[in-house]
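Geometric and topological summary
Listed below are the residues making up each chain.
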Amino acid sequence: FKTPNTKLPVKHSLANVRKVLLVSSCKGGVGKSTVSTNLAIALRNSNLNVGLLDADIFGPSIPKLMNLKGEPRLSEEGKLIPLKNYGIQTMSMGYLIPSEDSPVVWRGLILQKALQQLLFDVQWDKIDVLVIDLPPGTGDVQLTLSQQLKIDGAVIVSTSQDLALLDVKKGISMFNKVKIPIFGLVENMSVFICPNCNHEEHLFGDGGALKEAEKLGIDHIGSIPLNKQICNRSDEGYPVAIDQDSPLAKPYYEAAAIVK
Ligand code: ADP
């Protein structure tokens, strides 16, 4: 008789990838992909070789943010060759589905297969840090990924008003369970800076994130203002972090210095 296999799944490292960093959020629309992309650019501009993997299979937004489209070519070994812009290697489900409008209706096995391909069938070229943009929440994709990949740490992105939600705690406890260290929390859309007079308005109270992060036992590694430029530049596929000296880029570089 075979004994049942009760071992935990083996965690794999990725070929040519030194460090893997997850960017996660408890729900959609909080700016996780924007943070992932700007963080990746900040890391790249800190002289690191960077990869950006869009694991947000149902709502891939990295192609737009990185101003990339088209199908990846296959290497001789049949691996997907990343598409590159701003010096960053990227891979996304967005490159594998025909058009931006076509819904991703894959479920179950097909989804798992697609994820396995994105995870294990990409030919990365000597990467120091691979930033993985996770789907929001704590579902199957996040779990599969956390169980199968050797991961160095995670960053949690939240807006100030969502910080106190149970979902953030759920996210933290998932990472704790799978023994992934949490680098810290990035608070997005924390302050509104008036484009006319530069007046700063703390929309949800000053310092709230800090206290909330402390309560949750994790570090607060950055606050990013709510700013139209951040949104516009993302839509144009030219994220703000490209301008290293702009004040809007600063929090991304500060977070990058902590996670690198
Ligand atoms: P998620 O990945 O969490 O779903 P996105 O990164 O796609 O969120 O961001 C959702 C929307 O909010 C996008 O239109 C994006 O440009 C915008 N956005 C993100 N961060 C900011 C910010 N700090 N200021 C203004 N708009 C932002």
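What counts, and at which threshold
Residues numbered from 1 in each chain as written. Predicted model: local features only at pLDDT ≥ 70, side-chain atom pairs only at ≥ 80, totals over all residues. Helix = DSSP H or I, 4+ residues; strand = E, 2+ residues; numbered from the N terminus. Buried ≥ 20, exposed ≤ 12 C-beta atoms within 10 Å, placed from the backbone. Pairing = 2+ DSSP bridges. Near = placed C-beta within 6 Å. Nonpolar A, V, L, I, M, F, W, Y, C, P; charged D, E, K, R; others polar. Axes fitted to C-alpha atoms, helices over the stretch in contact; angles between N-to-C directions. Parallel < 35°, antiparallel > 145°, perpendicular 65-115°, else oblique. Left-handed = near helix turned anticlockwise from the far one by under 90°. Contact = placed C-beta atoms within 7 Å. Arc of directions from axis to C-beta.

Examining the environment of P82
- Along the polypeptide, P82 turns up in the loop between α2 (62–65) and β3 (83–85).
- Owing to 22 C-beta atoms within 10 Å, P82 belongs among the buried residues under this scheme.
- C-alpha separation for the pair P82 and S92, spaced 10 residues apart in sequence, amounts to 8.7 Å.

Points about the pairing of strand β7 (residues 182–193)
- As judged from the six bridges shared by strand β6 (residues 153–159) and β7, these two strands associate in the parallel manner. Considered in β7, the bridge of A154 is made with I182.
- Direction of pairing for β7 relative to strand β9 (residues 220–226): parallel, over a ladder of five bridges. Paired with N188 across the bridge in β9 is I224.
- Between β7 and strand β8 (residues 200–202), which follow one another and run antiparallel, lie six residues, and N198 among them has a positive phi close to 65 degrees.

Overview of the site of the ligand
- Around the ligand, the surrounding shell holds 17 residues, and the nearest of these are G31, K32, S33, T34 and C231.
- For the shell around the ligand, the secondary-structure elements that each account for two or more residues are α1 (32–44), β7, β9 and α8 (228–235).
- Along the lines of polarity and charge, the residues of the shell around the ligand split into six nonpolar, 10 polar and one charged.

Overview of the environment of F192
- Along the chain, the position of F192 falls in strand β7.
- Along the primary structure F192 and P225 are separated by 33 residues, whereas in three dimensions their C-alpha atoms are 5.8 Å apart.

Structural notes on the packing of α1 against helix α9 (residues 250–259)
- Interaxial distance between α1 and α9 falls to 8 Å at its minimum, and their mutual angle equals 70 degrees. Looking at the two axes, α1 sits roughly perpendicular to α9. As α1 packs across α9, the resulting crossing turns out to be right-handed. Residues N38, L39, A42 and L43 of α1 lie in contact with α9, whose contacting residues are Y252, Y253, A255 and A256.

Description of the pairing of strand β1 (residues 17–25)
- Extensive coverage of β1 is indicated by the burial of seven of its nine residues.
- Direction of pairing for β1 relative to β6: parallel, over a ladder of five bridges. In the strand pairing of β6, L22 is matched with A154.

Section: the environment of K177
- Residue placement: K177 occurs in helix α6 (residues 166–177).
- Put simply, K177 and S146 are 31 residues apart on the chain and 9.8 Å apart in space, counted from C-alpha to C-alpha.

Describing α9
- Taken as a whole, α9 has its buried residues at P251, Y252, A255, A256 and V259. The arc enclosing the buried residues of α9, seen along the axis, measures out at 140 degrees, which places them on a common side.
- Where α9 is buried, its residues meet β1, α1, β6, β7 and β9.

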